[in-house]
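# What the coordinates show
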Amino acid sequence: MAIKKQIIKTKPVVKVTFTVDAKQANTAAVVGDFNNWNVKDGELSKLKNGTFKGVFDINKEASYEFRYLIDGTFVNDDQADSYRWNEFAGAENSVLEL
């Protein structure tokens, strides 16, 4: 898994690229505070090499909890900026700092 952040100087957003290596998976999405945990809004595209990738404009100067949803299973990103316990989920979520 990988997270790439590109600061956009002319806009109050950061272009964030999420990449998930899940070659055996059929579907993958990134869901979090930045998209109201909406699977449809966080769908990742499957590339020819089997990885999933998506680019999102996310408001900067904030902290967001997120997770990947891979074939119906929630997974944290091992390259997240940190992790935060979430009572609602009963688990730790990945954290993205922008």
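As shown above, the structure is provided for reference.
Residues numbered from 1 in each chain as written. Predicted model: local features only at pLDDT ≥ 70, side-chain atom pairs only at ≥ 80, totals over all residues. Heavy atoms only, no water.

## Observations regarding the sheet that holds strand β2 (residues 13-21)
Taking strand neighbours across the sheet as the criterion, the four strands line up as β1-β2-β5-β4 in an open arrangement whose pairing is antiparallel. Bordering the open sheet on either side are β1 (2-7) and β4 (45-46), each of which pairs with just one other strand. Summarising the sheet, β1 and β2 pair through six bridges and their orientation is antiparallel. Along β2, the bridge assignment pairs Ala2 with Thr19. (Pairing = 2+ DSSP bridges. Helix = DSSP H or I, 4+ residues; strand = E, 2+ residues; numbered from the N terminus.)

## Quick look at the nonpolar core
When a protein is soluble and globular, its nonpolar side chains tend to lie buried together. Counting 20 residues, the largest nonpolar core has Phe18, Val30, Leu44, Ile58, Phe66 and Tyr68 as its most contacted members. Of all the secondary-structure elements, those providing two or more residues to this core are β2, β3 (28-32), β5 (51-59) and β6 (63-70). (Core = buried A, V, L, I, M, F, W, Y, C linked by side-chain atoms within 4.5 Å. Buried < 20%, exposed > 50% of the residue type's maximum accessible area, 1.4 Å probe, protein only.)

## A few points about the pairing of β3
Working note: regular strand, side chains alternate between the two faces of the sheet. Counting buried residues along β3, five of its five residues qualify, which places the element largely inside the surrounding structure. Covered by surrounding structure in β3 are Ala28, Val30 and Gly32 together with Ala29 and Val31, the residues of both alternating faces. Bridging between β3 and β6 involves five bridges; their strand directions are antiparallel. Counted as the bridge partner of Gly32 is Phe66 from β6.

## Regarding the pattern of salt bridges
Per the stated rule, a full pass over the model turns up four salt bridges. With its nearest N and O atoms 2.7 Å apart, the salt bridge here joins Lys5 to Asp81. Taken as a pair, Lys5 in strand β1 and Asp81 in the loop between β7 (73-75) and β8 (82-86) lie far apart in primary sequence, 76 residues in all. A salt bridge links Asp57 to Lys15; the nearest nitrogen and oxygen atoms lie 3.2 Å apart. Of this pair, Asp57 sits in strand β5 while Lys15 sits in strand β2, and the two are 42 residues apart along the sequence. (Salt bridge = Lys/Arg side-chain N within 4 Å of Asp/Glu carboxyl O.)

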